[in-house]
Amino acid sequence: MFRNIFMTAAMLLGLSAAAHADTFVFTAIPDEDESRLQTRFQKVATYLTKTLGVDVKFIPVKSYDAAVTAFRNDQVQLAWFGGLSGVRARRLVDGSKAIAQGYEDQFFVTYFIANASTGLNESKGFPMGIKDKTFTFGSKGSTSGRLMPEFHIRKELGGAPDKVFGRVGFSGDHSRTIALVQSGAYEVGATNYAVWENEVKAGKIDPSKVKVIWKTPAYPDYQWTIRGDVEKKFGAGFTEKVTQALLGMNDKDLLASFPRKSFVPASNADYQPIVDTGKSIGLID
Amino acid sequence: MARTSLGFLALAVVLLFVADIEISTSDPWTEFGRMALGVVTPDFTATESLFEAILMTLAFALVGVALANVFGFMLALAFHYRVVRVGCAFIRAIHELFWALIFLQIFGLSPLTGVLAIAIPYSGIIAKVYSEIMEEADQSPLRVIPAGTGNISTFLFARLPEAFAHFKNYSLYRLECGLRSSAVLGFVGLPTLGYHLESAFRQGHYSEVSALLILFYIIIATLRRWMHRKLLPLYLIGALFALPSSAGFSLDNIIRFLTSDIVPHPLRTAETIDTAALTAFWHWLTELFTTQALPGIANTLVLTMIALVGAGIGTLIFFPLISPKFFGPKGRTAGHVFLVVLRSTPEYILAYVFLQLWGPSMAPAIVALSLHNAAIIGHLIGRHTETLPLRADSAKGLNLYFWEALPRVYPQFLAFLFYRWEVILRETAILGILGIPTLGFFVDSAFADIRYDRALLLILITALLNIAVDTLSRMIRARLRLKTTLDHE
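Residues numbered from 1 in each chain as written. Chains lettered and ligands numbered in written order. Predicted model: local features only at pLDDT ≥ 70, side-chain atom pairs only at ≥ 80, totals over all residues. Heavy atoms only, no water.

Caption draft 1: Focus on the packing of aromatic side chains. The full count for this structure, using the stated rule, is 53 aromatic pairs over all chains. Plain terms: the ring middles of A:F41 and A:F258 are 5.3 Å apart, the flat faces sit at 85° to each other, and that makes the pair edge-to-face. Remark: A:F258 occurs in the loop between α11 (252–255) and β11 (263–265) and A:F41 occurs in helix α2 (residues 37–52); sequence separation between them is 217 residues. Summarising the burial analysis for this pair, A:F41 and A:F258 share the class buried. Here the aromatic rings of A:F71 and A:F81 are separated by 5.4 Å at their centres, their planes lie at 85°, and the arrangement is edge-to-face. Placement of the pair is A:F71 in helix α3 (residues 64–72) and A:F81 in strand β3 (residues 78–81), with a sequence separation of ten residues. The burial state of A:F71 is the same as that of A:F81; both residues are buried. Three or more aromatic residues joined by ring pairs make a cluster, and in this case those are A:F26, A:F41, A:F58, A:W80, A:F108, A:Y111, A:Y193, A:Y219, A:Y222, A:W224, A:F258 and A:F263. Sitting over the face of the ring of B:Y122, B:R174 holds its NZ or CZ atom 4.6 Å from the ring centroid. (Phe/Tyr/Trp six-rings, centres within 6.5 Å; stacked < 30°, edge-to-face > 60°. Helix = DSSP H or I, 4+ residues; strand = E, 2+ residues; numbered from the N terminus. Buried < 20%, exposed > 50% of the residue type's maximum accessible area, 1.4 Å probe, protein only. Lys NZ or Arg CZ within 6 Å of the ring centre and 35° of its normal.)

Caption draft 2: Quick peek at the sheet that holds strand β9 (residues 210–215) of chain A. Residues and elements named next belong to chain A. Taken together, five strands build an open sheet; the order of strands is β7-β6-β8-β5-β9 and the sheet is mixed. Strands with a single pairing partner mark the edges of an open sheet, and in this sheet they are β7 (167–170) and β9. The mean inter-strand angle of the sheet, taken between neighbouring strand axes irrespective of direction, is 30°. Sheet topology note: the strand β5 (residues 110–115)/strand β8 (residues 188–192) ladder contains five bridges and is antiparallel. Of the residues in β8, the one forming a bridge with F112 is A190. Against the sheet, helix α5 (residues 143–157) contacts β5, β6 (134–137), β7, β8 and β9, and its axis sits at roughly 135° relative to β6. (Pairing = 2+ DSSP bridges. Axes fitted to C-alpha atoms, helices over the stretch in contact; angles between N-to-C directions. Contact = heavy atoms within 4.5 Å.)

Caption draft 3: Looking closely at the pairing of β8(A). Residues and elements named next belong to chain A. For β8, the buried fraction is high: five of the five residues fall into the buried class. Judged from the two bridges that link them, β6 and β8 form a sheet pairing that is parallel. When the sheet's bridge partners are listed, T136 is paired in β8 with G189.

Caption draft 4: Structural view of the domain arrangement of chain A. All names here are of chain A. Domains assigned within chain A are domain 1 (2–105 + 220–280) and domain 2 (109–215). For domain 1 versus domain 2, the distance between C-alpha centres works out to 29 Å. Taken together, the contact pairs 15 residues of domain 1 with 15 residues of domain 2. The tally of links between domain 1 and domain 2 comes to zero salt bridges. Linking domain 1 with domain 2 are three residue pairs in polar contact (both at pLDDT 80 or more), by the criterion used here. Top contributing element to the side of domain 1 that touches domain 2 by residue count: helix α12 (residues 272–280), with four residues. Grouping the constituent residues of the side of domain 1 that touches domain 2 by class yields five nonpolar, five polar and five charged. (Domains from an automatic or database assignment. Salt bridge = Lys/Arg side-chain N within 4 Å of Asp/Glu carboxyl O. Polar contact = N/O pair within 3.5 Å; in protein donor to acceptor, adjacent residues only side chain to side chain. Nonpolar A, V, L, I, M, F, W, Y, C, P; charged D, E, K, R; others polar.)

Caption draft 5: Molecular detail of the domain arrangement of chain B. Residue and element names in this part refer to chain B. Along its sequence, chain B is carved into domain 1 (1–32 + 265–489) and domain 2 (42–143 + 152–261). Each of domain 1 and domain 2 was reduced to a C-alpha centroid, and the two centroids are 21 Å apart. Contact with domain 1, which involves 39 residues of that partner, is made by 38 residues of domain 2. Buried area between domain 1 and domain 2, both sides added, is near 3,700 Å², and the carbon and sulfur share of it is 66%. Remark: the boundary between domain 1 and domain 2 carries five salt bridges. At the boundary of domain 1 with domain 2, the tally comes to ten residue pairs in polar contact (both at pLDDT 80 or more). Elements represented by at least two residues in the side of domain 1 that touches domain 2 include exactly α16 (329–344), α17 (347–358), α18 (362–385), α19 (397–427), α20 (439–448) and α21 (452–479). (Buried area = accessible area lost by both parts, 1.4 Å probe.)

Following this line, the structure appears as C-alpha cells:
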C-alpha cells in the first residue's frame, strides 16, 4: 500500500511540473453573475482564439487577489481587472499595460444604500446621517465596494471606517451587500451601481426596504490589462492584436458576460486617480 | 473535574459581558424565505462541471490524507525528538486555508497547492495521534519477544500489528475531515465543491446551494460504505489521474516569494539596512502589533473561549441523539442525519444564516462554531456510549442520562472538548464576514491587499497562539488524568 502511495506522490509532482506551452490564458475577477462563469467565458475564449490565431484559454479565479497573483505569476497573461486590482497588478508586473476598458467604466459610480429603518433618503451631497450606523463594504479588494466608498467616508466623516461606524463588515460581494442591507443585518452599505441596477431589473430588490441614498462622483473602473512580455512569446505586435480583438468584440452575447455595452481604449494613465486614492487611504504602499 | 468545568463556564459567562454580542433586529424573513425555498427545491442541474467538482473534492482529500498518513507515520516514529514534536505542533497550528493561501502564491492554482494544504497540517496532526497510539498500545507482545531481537523486527512484529487497527480507524476519521477541508479549499479557488458552493451562496442561488450541500452530506454519510482498504490503491490512482494537469510553476516565483514578498516592506524597499531602515521597520512592526495583532488576539480568544463552552453544552444535548441507550434505530437515524448536516455544513454558511437573523456581531460566530463543534464531539461521544455496558435494570430516559450516562462519559467528553479547543481557535479564522476582527480577519485582509509580509507575520502569531492553547490544554488534560483515547482530534 505504501509503495502505491509513494508512486502516486511521484506522479503527482511530475504532473504538476508539466507546463503548458504557448497557450494564451486570461482570467476575470469574480464580480457579478458567477453562475456558469466557465461556460460564458469559454465563448469569449473561443472568440479570441479565432481572432488571434493562437490557443486561448480561460481560467476562473475566486478572488481579486487571486486574479492579481495569477497575472503576476504569468499563469494568465491577460486579465479583466477592477480599477484597484488592475493598478495593483500593473505595479507588480513591469511593462504591463491597461489596453481596453468597458464603455461604462469611464464613469463608474458607487451607490450608498440604506435600509428603510434608518429613515435616510437620497441626497445630492454625502449622507452625513450614516455616521455611527452599521456599515458593510463588498469585497476587501474591490474598487466600487471598498476603495471609493472608503475614500469618501474618510474624507467626509473624518476618520477610519471602524471609528466612524457602529460596526464595519466586508460582505465579500456586491449582491451580498445588497441582501444584507435589504434584510437590515447591516443598516448601510456600498455597492457597485451596475450590480444594483441589474438586481432592480431582476426584481430582487424591494424598494420599501432598501434604497439608494447617495451616488459617488464618477471614477475609472474595470479594464483589460496585458503583461508586458507577451510579445516575446506570441510575436511582435501581439499586444496591438489583442487590443483590437477586444475593441472589436461587438457580439451582444459575449459582451453580456462582463456585462458591458462595448469596449473602448484605455491606458495606464487613465487609472492614476485610483493609484492616488489607494495611496491616500493606505491600501497601496 | 467539576472545578475545571465550572471555571471554564464562569470564564465564558464573564467573557459574554465583554464580548460584542449585541443583537440588532432586522427583517430577515425575505432572505429566509428564499433560503427555505432553496432547501425544498434543490437544483442539481444548476452547477456546471458538477461531476468534476465532486471528483476533485474526493481526489484532493484522498491524495492529501494518504500523503499525510505516510509523512505523519514517519514523523510519529521520530516523535521522541523535541524538534519533531515542536515542528509538528507548528505545522498543524496553521489552518489549511492559510496553507492554501500561501501555496497559491508559490504554485498558483495547481493540484500541488490543494494537496499540500491538506497534507502538511494533517501530517502534524497524524504524527501526534499515531505516536500517542503507539505509546498507549498494549505492551504484552513486547514481553514475549526473545532477547536479541533487532529493533526493526521488534517494531514490525510486536508493536505495529497492535497499533495498526487503530491507525486504520483513525485514518478513516481523518479522511472525513479531509473531505471537509477539501471542500472548504474551494473557497479560495480550488475546483472542489466549495468553489461552487461559495459562488452560489454568495449570489443567493439557494436551490443550487442545497443541492451541493446534499451531495456533500451523502459523500460524508456513506464514507464507511465505499472506503475499503482493498479499494484504496484504485482510488488513489484514480485520484491522481483526476487531478487537473496544472498551469505549471516556476522556480522564480518560489524564490521571489521567499526572498522578497515576505520581507517586511520597510526592509524590502530600503537601499541599505541602516538605522533609518531599522527605525522604519520598528514602526511597521509596532503599528502592526497595536492595530492588528493585539486586538486580533483578544477577539480571537474571547470568541474561542465562549464557543468552546458553547460546544460543550451543545455536545451534552446532542450525544444522546445517536446513542442506542436513549433512542431506537429510527430515532438514531434521524439523529445521525441531523449531526451529519450540522458538522458538514461549513461554519461560514451557518454563521451567515445567523448573521441574517441577529445582525453583525460575535453572536452568529459563537453559535455557528458551537453548533458545528458540538455536532462533531456529540458524534464521537454518542459512538462511545455504544460500548458502555449497562445493567439490565438500569434507569431510563432522563434518570439514565443524569445519573449514569453523563457521569460515565464525562471524562471522555472533557478530553474531546479540550482536544477541540485549538481546532475552534483555528476555525475563528474564516469568519471575517461578520465584521469581527479576529486574527484570521487580519490575515485575510493582508492577503487581499497583497501584503504577504504582514500576512506571514500574522500567521506566525496565530500559530504561536495555537501552540500556547494546545500546551495549556495538554496540561489540563494531564492534571485531570483524562485519557486521550482514539478517534479524536
